[in-house]
Protein chains: 2
Amino acid sequence: MDSINIKDIARLCGVGVSTVSRAINNHPDINPETKNMIMQVIKENNYIPNNSARNLKRTDSRAIAVLIKGIGNPFFSKMIRIFEEEIQKKKYSFILQRVDEQEDEVDVALELIKEKKPRGIVFLGGYFSHSREELEQLTVPFVLSTIGMTEYLGESPDFSCVSVDDYAESYKMTDYLCKLGHKKILILTAPSDDESIGRLRLEGYKKALFDNGITPSPSLITFSEECEECYSMENGYRMMNRVLNEKSEFTAVYAISDSIAIGACKAIFERGMRIPEDYCMAGYDGLDIARYYNPSITTIRQPVEEMAKATIKILFDVIKNKAEHQKKVFRAELIEGESTRRVK
Amino acid sequence: MDSINIKDIARLCGVGVSTVSRAINNHPDINPETKNMIMQVIKENNYIPNNSARNLKRTDSRAIAVLIKGIGNPFFSKMIRIFEEEIQKKKYSFILQRVDEQEDEVDVALELIKEKKPRGIVFLGGYFSHSREELEQLTVPFVLSTIGMTEYLGESPDFSCVSVDDYAESYKMTDYLCKLGHKKILILTAPSDDESIGRLRLEGYKKALFDNGITPSPSLITFSEECEECYSMENGYRMMNRVLNEKSEFTAVYAISDSIAIGACKAIFERGMRIPEDYCMAGYDGLDIARYYNPSITTIRQPVEEMAKATIKILFDVIKNKAEHQKKVFRAELIEGESTRRVK
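Residues numbered from 1 in each chain as written. Chains lettered and ligands numbered in written order. Predicted model: local features only at pLDDT ≥ 70, side-chain atom pairs only at ≥ 80, totals over all residues. Heavy atoms only, no water.

J.: Go over the nonpolar core with me, naming the residues and quoting the values.
T.: A general tendency of soluble globular proteins is for nonpolar side chains to be buried together. Met240 of chain A together with Met240 of chain B are the most contacted members of the largest nonpolar core, which has 168 residues in total. If one sorts the elements of this core by residue count, helix α14 (residues 304-319) of chain B sits on top with 10 residues. Here Met240 of chain A is in contact with Leu186, Leu188, Phe250, Val253, Ala264, Ala267 and Ile268 of chain A, once residues within four sequence places are set aside. Phe123 and Leu138 of chain A together with Phe142 and Leu144 of chain B belong to the second-largest nonpolar core, a separate cluster that totals 42 residues. (Core = buried A, V, L, I, M, F, W, Y, C linked by side-chain atoms within 4.5 Å. Buried < 20%, exposed > 50% of the residue type's maximum accessible area, 1.4 Å probe, protein only. Helix = DSSP H or I, 4+ residues; strand = E, 2+ residues; numbered from the N terminus. Contact = heavy atoms within 4.5 Å.)

Okay, structure coming up:
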C-alpha cells in the first residue's frame, strides 16, 4: 500500500473517519481503548497524517490576495475553491476581496498591498484597461485570471494572464448553431456598455453570423439591464420573459452564461413551450448544472480546474523567481447537450 | 434625489458606468473633456463615490477568518459571498480557510490565530463536538454558522451559533410527503458515519415517518459512500443510479440537499421516467436552482442571507463588546415545487 490514507485506516479499524481523526487529534470524546487500537494501526501501517493544521505551523504569515469582480457569478465559485486548495498547499493564506462593479481594482489592490502585504495577487473577473503607469505601481506579482482585456495589455511582460479566448469560443458556439440550420439566433448578453467578456462574446457571435452569411439583427441582440448579477439565472429568466413578451422571431437562443441559459429555459417552460422542440438553447461556461439540467444544456466548457491551477502555479513560479510572466490561453470545449437540435 | 448613485451619474452624463469610474479614479484612459463633464455632473449632484478602496485606507490590518468544512457545498457559496460583503462593510479583511473532512477545525483555528491574528472567526459547516477545554483555548470570539452540533455545546455561553433546526426542518419535509399520501419514501443521505447535519436530517426523517405510523425501512435509507463532495449533484446522480439498479419500491425521494435532488432527477430522467408522475422528488437548502430546475424542486429554504448576516453581526457585536454570545435558530420554509404531488 503505497499511499495509505485516513479512510484506509478507518476501514482497517472498523471505525468512521471522524473517529480516526479524533484519535489523531487527541480529541477527548473518544474511548481510550478505541484510540489505542487506532494509534496502533496507524503505527503498523506507517500512516502519516496529512494535516494542514500541522503544515500551517511551519509557515510564516504569507498570504495571496484574490480580488474578485462579479463575486455572484457561479463560475467563480469553483475557481475560488481551487485557488484556496492550491494556496493552502503552498502554505500561504488566502485573502478574499470583492471589488464592486464601479471600483478600480488597481486602487483596491494598492491599498491591500499596503495593509496586508500579500506576496502575490490574483485578479478574477472584470475588465482590465489600466495604463502601464498604473500597473507599475503594483509592487507584487499578479496574474489576471479569466479577465476580458484590451490587446495591448495582453502583450505586456510585466504580469501574467490566464483565460480562454472568449471571442473565438463564442464564435464557435454561434457557428455551431448556424451549422445546425439556425438563421435567427437570439443572443442574451451583458449590458450594452459592457467592456469585458460580455463584449468579446457578443463580437464573436456577430462575426460567426456574418461568416455564415447572416446579418446580425439588432432585434435579436438582447442586452441585460445594468445589474449586479448579470450572469445569474434570475437575470436570464427576466431577459427571456422580456423577449417572449415582445414576440420577436427566433429558433435558437444563445445565452452568454449557463446560468442565464437556465433562467431563460424556465421562462420558456412556464409558457408551456419545449426545449429543443420549440426553441433551442445554448449556454457558456460548462457549469455542472448544464449537464444535470433537464434537458442538459449545450455549452462551452471552460477548463476551470486547469485555469485555476495554472493561475496559482504561474503566480508562485513568479514569486519564487522560477519563471517569467506568461500569457496562457486555454482552449474550451463545445459540449453538445439535449437543448439544441438541427432545424430545416 | 436622495441617494444618487454611480448609475444615475452615468445616465445623466450619457456614458457608461465604467467611464464614470475612470473619471472618479483619475484613470488615464479617458478623454479629458468627458472627464471634466462627468466631474461637473458629480459636483452638481453632490454625489459622493462610495468606494471601498477609499474605505480601506481608514483601516488598520484587521481580519476575520472564515473556516469552511465542505467548501464544495454550493449552499456555502452564497454564505461566503454575504460574509465577504458584510466583513468588507466593517472594513475588515476576509481570510478564507478550507478545513478538510478529517481535520480538527479547532487545531486549524489555533494555528490561524497564532499566524494571522484575526479579530474573530466563523466556523462554517461540519460538526462540532469539542470539549470545553479545547474551546477555551480559542482566544478570539467565534461563531458557529450552519453547523450540526451536540446539545451540550448549544447551551454554552462562550460562543455563538447560527443555524436552522435541521432535525425539525427535515421532519417537516418528511411529514409533508407523508401527508401527500406517500408511504414509501426513499431518503438519499450522508455517509452512515456522519455525525453532522446528515445525521440530524436522517433522524428528523425517521421521526416523521414514525409519527405517521410508518416504520422506517433500512432498504429505503440510502447512505452516500464516503466522498469529498457528498452534497453534490454528481453524488446524487450516483446514489440514485445505485438505487434504481436495485429495484427497491418507493414513490417519493427525499434528498438531504437540493444538489443531490437534482443529480437524482437526472438519473431518473435518463431512464425515461418522469417527475412527479413516476417519482416525486424533494430537496433541502432552497438553492436558486431548485426554483429554476425543470420541474422546480420542492425544498426547505434556509434563510441563507439572514443567517450569513446574523453570523457577522453577532461576531462584530461580541468583538466590540456590544453584546453577549447568543444562539440563534432560524426558521426555514417549505417551498412547494412542481416535483411533488399527492398520491393515492
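Let's pick the thread back up.
J.: Before we move on, can you summarise the pairing of strand β2 (residues 93-99) of chain A with the specific residues and values?
T.: Of all seven residues in β2 of chain A, seven are buried, a share of seventy percent or more. Side chains Ser93, Ile95, Gln97 and Val99 of chain A project from β2 of chain A onto one buried face, and the interleaved Phe94, Leu96 and Arg98 of chain A project onto a second face that is buried too. Direction of pairing for strand β1 (residues 63-69) of chain A relative to β2 of chain A: parallel, over a ladder of seven bridges. What sits directly across from Ile68 of chain A, in β2 of chain A, is Arg98 of chain A. Read as a crossover between parallel neighbours, the route from β1 of chain A over helix α5 (residues 74-89) of chain A to β2 of chain A is right-handed. Sheet topology places β2 of chain A next to strand β2 (residues 93-99) of chain B; three bridges connect them, and they run antiparallel. (Pairing = 2+ DSSP bridges. Right-handed = clockwise from strand over helix to strand, strands pointing away.)

J.: Mind laying out the packing of aromatic side chains, listing which residues take part and the relevant values?
T.: By the definition in use, this model includes 13 aromatic pairs over all chains. Considering the side-chain rings of Tyr92 of chain A and Phe316 of chain A, the 4.8 Å spacing of their centres and the 85° angle between planes classify their relative orientation as edge-to-face. With a gap of 224 residues between them, Tyr92 of chain A in the loop between α5 and β2 and Phe316 of chain A in helix α14 (residues 304-319) connect regions that are remote in the sequence. Measuring from centroid to centroid gives 4.6 Å for Phe250 of chain A and Tyr279 of chain A, while their planes differ by 20°, and the two rings are stacked. Of this pair, Phe250 of chain A sits in the loop between α11 (233-246) and β10 (252-255) while Tyr279 of chain A is found in the loop between α12 (258-270) and β11 (280-282), placing the two residues 29 residues apart along the sequence. Side by side, Phe250 of chain A and Tyr279 of chain A carry an identical accessibility label, which is buried. Stacked on the ring of Tyr237 of chain B, the Lys or Arg Arg291 of chain A has its end atom at 5.3 Å from the ring centre. (Phe/Tyr/Trp six-rings, centres within 6.5 Å; stacked < 30°, edge-to-face > 60°. Lys NZ or Arg CZ within 6 Å of the ring centre and 35° of its normal.)

J.: Would you mind going over the pattern of salt bridges in detail, with residue names and values included?
T.: Taken as a whole, this structure holds 36 salt bridges over all chains when the rule is applied. In this structure, Asp166 of chain A and Arg201 of chain A form a salt bridge, with 2.8 Å as the shortest nitrogen-oxygen distance. Note that Asp166 of chain A is positioned in helix α9 (residues 166-179) and Arg201 of chain A in helix α10 (residues 197-211), a separation of 35 residues in sequence. Salt bridges sharing partners connect three or more residues here, namely Glu84 of chain A together with Arg98 and Asp100 of chain B. (Salt bridge = Lys/Arg side-chain N within 4 Å of Asp/Glu carboxyl O.)

J.: Lay out the packing of helix α5 (residues 74-89) of chain B against α14 of chain B with the relevant residues and their values.
T.: All names here are of chain B. Between α5 and α14, the least distance of the axes is 9 Å, while the angle of their chain directions is 45°. With respect to their mutual orientation, α5 and α14 come out oblique. Of the two elements, α5 crosses α14, and the hand of that crossing is right-handed. Touching Phe75, Lys78, Met79, Ile82, Phe83, Glu86 and Ile87 of α5 are Val304, Glu305, Ala308, Lys309, Thr311 and Ile312, all from α14. Across the contact of α5 with α14, the residue classes break down as eight nonpolar, one polar and four charged. (Axes fitted to C-alpha atoms, helices over the stretch in contact; angles between N-to-C directions. Parallel < 35°, antiparallel > 145°, perpendicular 65-115°, else oblique. Left-handed = near helix turned anticlockwise from the far one by under 90°. Nonpolar A, V, L, I, M, F, W, Y, C, P; charged D, E, K, R; others polar.)

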